[in-house]
Amino acid sequence: MKFTIEKTEKYVLFQLHEEKLTSITAPDLKTELVTLNAEGFNNIILNMSDVKYADSSGLSSILIGNRVCANSGGLFVMCNVNDHVMKLLKISQLDTILTLLNTVEEGIDAVFLHEIENGLEDEESAE
């Protein structure tokens, strides 16, 4: 599986360089997402701009990424999702579960907003 990772203090930008997210590439994606989360990265932005097709295995790996981020108090964002993959997400009603945004910049903004909200909640619970 071809991909690039850009790590920052607050998030990881994961760029998938594959046209198809299928049973061939999905296990590798799942492993990478779980590993990044285990390394302490709770916020992951998955840039899907190169992905033209996904199947149920691909969706499963995305759901695992979403779950590990949520379980650690973070945010999993998908951006630049093409029409075919978006249609599949809507049919399976995953568009109601996942954070889907148009651009990487929107994803970064969502992560920072999530971090601010978490910080405010932490302050309120400390009082």
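Basis of the calculations
- Residues numbered from 1 in each chain as written.
- Predicted model: local features only at pLDDT ≥ 70, side-chain atom pairs only at ≥ 80, totals over all residues.
- Heavy atoms only, no water.
- Salt bridge = Lys/Arg side-chain N within 4 Å of Asp/Glu carboxyl O.
- Helix = DSSP H or I, 4+ residues; strand = E, 2+ residues; numbered from the N terminus.
- Buried < 20%, exposed > 50% of the residue type's maximum accessible area, 1.4 Å probe, protein only.
- Pairing = 2+ DSSP bridges.
- Axes fitted to C-alpha atoms, helices over the stretch in contact; angles between N-to-C directions.
- Contact = heavy atoms within 4.5 Å.
- Core = buried A, V, L, I, M, F, W, Y, C linked by side-chain atoms within 4.5 Å.
- Polar contact = N/O pair within 3.5 Å; in protein donor to acceptor, adjacent residues only side chain to side chain.
- Phe/Tyr/Trp six-rings, centres within 6.5 Å; stacked < 30°, edge-to-face > 60°.

### Notes on the pattern of salt bridges
According to the stated counting rule, one finds 1 salt bridge in the structure shown. Here glutamate 39 and lysine 7 are joined by a salt bridge, their closest N and O atoms 3.1 Å apart. With glutamate 39 in the loop between α1 (26-38) and β4 (44-47) and lysine 7 in strand β1 (residues 3-7), this residue pair connects regions lying 32 residues apart in the sequence. Residue classification places glutamate 39 among the partly exposed positions, given a relative accessible area of 46%.

### Focus on unusual backbone geometry
Even without glycine at this site, asparagine 80 takes up a positive phi of about 55°. Among the residues examined, asparagine 80 registers a relative accessible area of 25% and is labelled partly exposed. Of note, the phi angle at glutamine 93 is positive, near 60°, even though the residue is not glycine. Assignment of secondary structure puts glutamine 93 in the loop between α3 (83-91) and β7 (99-101). Residue glutamine 93 is classed as exposed on the basis of its relative accessible area, which comes to 55%.

### Digging into the sheet that holds β4
Overall, mixed pairing links the 5 strands, which are arranged β1-β2-β4-β6-β7 in an open sheet. What marks the edges here is a single partner per strand, and that holds for β1 and β7. In this sheet, adjacent strand axes meet at a mean angle of 20° when their direction is disregarded. As defined by bridge partners, β1 adjoins strand β2 (residues 12-16) across 5 bridges and the pair is classed as antiparallel. Following the sheet pairing, isoleucine 5 is matched in β2 by phenylalanine 14. Across the sheet, helix α2 (residues 56-71) is in contact with β4 and β6 (76-79); its angle to β6 comes to roughly 140°.

### Brief notes about the nonpolar core
Formed by 23 residues in total, the largest nonpolar core has its most connected members in Met48, Ile62 and Met78. Apart from the residues lying within four places of it in its own chain, the contact partners of isoleucine 62 are Leu21, Leu29, Leu46, Met48, Phe76, Met78 and Leu98. Membership of the second largest hydrophobic core comes to 10 residues, among which are Leu13, Ile45, Val77 and Val111.

### Structural notes on the environment of lysine 7
Using a relative accessible area of 47% as the deciding quantity, one classes lysine 7 as partly exposed. Between the C-alpha atoms of lysine 7 and phenylalanine 41, which are 34 residues apart in sequence, the distance is 8.6 Å. Excluding residues within four positions of it along the chain, lysine 7 makes contact with Val12, Leu36, Glu39 and Phe41. Among the polar contacts listed, one links the side chain of lysine 7 to the side chain of glutamate 39, at a separation of 3.1 Å.

### Description of the packing of aromatic side chains
Under the definition given, this model contains 2 aromatic pairs. Relative to phenylalanine 14, the ring of phenylalanine 3 lies with its centre 4.9 Å away and its plane at 15°, an arrangement referred to as stacked. Of the two residues, phenylalanine 3 is situated in strand β1 and phenylalanine 14 in strand β2; the sequence distance between them amounts to 11 residues. A relative accessible area of 0% places phenylalanine 14 in the buried class. Here tyrosine 11 and phenylalanine 112 contribute two aromatic rings whose centre-to-centre distance is 6.3 Å and whose plane-to-plane angle is 80°, an arrangement assigned as edge-to-face. Of the two residues, tyrosine 11 sits in the loop between β1 and β2 while phenylalanine 112 sits in helix α4 (residues 104-126), which places them 101 residues apart along the sequence. Exposure remark for tyrosine 11: the relative accessible area of 9% places this residue in the buried category. The class for phenylalanine 112 is partly exposed, based on a relative accessible area of 37%.

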